[in-house]
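Architecture and fold: a report
So you can see what is in the structure, the chains are spelled out below.
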Amino acid sequence: MEHYVRGRDGGYYIAGTRIALDSIVLAFKDGESPETILQSFPMAGPLICVYRDSIYLENRAKVEAY
């Protein structure tokens, strides 16, 4: 998870961006496709990083606790 997500200022962000992990997770939970999420957050690309919603799926307890 640390490779794609960084903790900063009490929050979690997509590494190298100002995109909050919350934004990606909420879009994922709302049923948005990875392509749509990428259109909304182009700096979250490449698409494989968006598919790394497995970041969420593989670390659900940590993300939900946050």
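Just above sits the structure.
What you see is a predicted model, and the numbers here were worked out from it, not measured in a lab.

Backbone geometry places D9, a non-glycine residue, at a positive phi of 50 degrees. Checked against the element boundaries, D9 lands in the loop between β1 (5-8) and β2 (11-14).

We now examine the nonpolar core. In this structure, V5, I14, I19, L21, I24, V25, A27, I37, A44 and V63 together form the largest nonpolar core, which totals 10 residues. Take this core: its biggest share by element is four residues, from helix α1 (residues 21-29).

Next up on the list: the pairing of β1. Relative to β2, β1 runs antiparallel, the two sharing four bridges. When the bridges of β2 are listed, G7 appears paired with Y12. Count of turn residues in the β1/β2 antiparallel hairpin: two residues, of which D9 carries a positive phi of about 50 degrees.

For α1, the set of buried residues is L21, I24, V25 and A27. Across the axial projection of α1, the buried residues extend over an arc of 160 degrees, all falling on one side. In the stretch just after α1, G31 is the one whose phi turns positive, near 90 degrees.

Definitions and cut-offs
- Residues numbered from 1 in each chain as written.
- Predicted model: local features only at pLDDT ≥ 70, side-chain atom pairs only at ≥ 80, totals over all residues.
- Heavy atoms only, no water.
- Helix = DSSP H or I, 4+ residues; strand = E, 2+ residues; numbered from the N terminus.
- Core = buried A, V, L, I, M, F, W, Y, C linked by side-chain atoms within 4.5 Å.
- Buried < 20%, exposed > 50% of the residue type's maximum accessible area, 1.4 Å probe, protein only.
- Pairing = 2+ DSSP bridges.
- Arc of directions from axis to C-beta.

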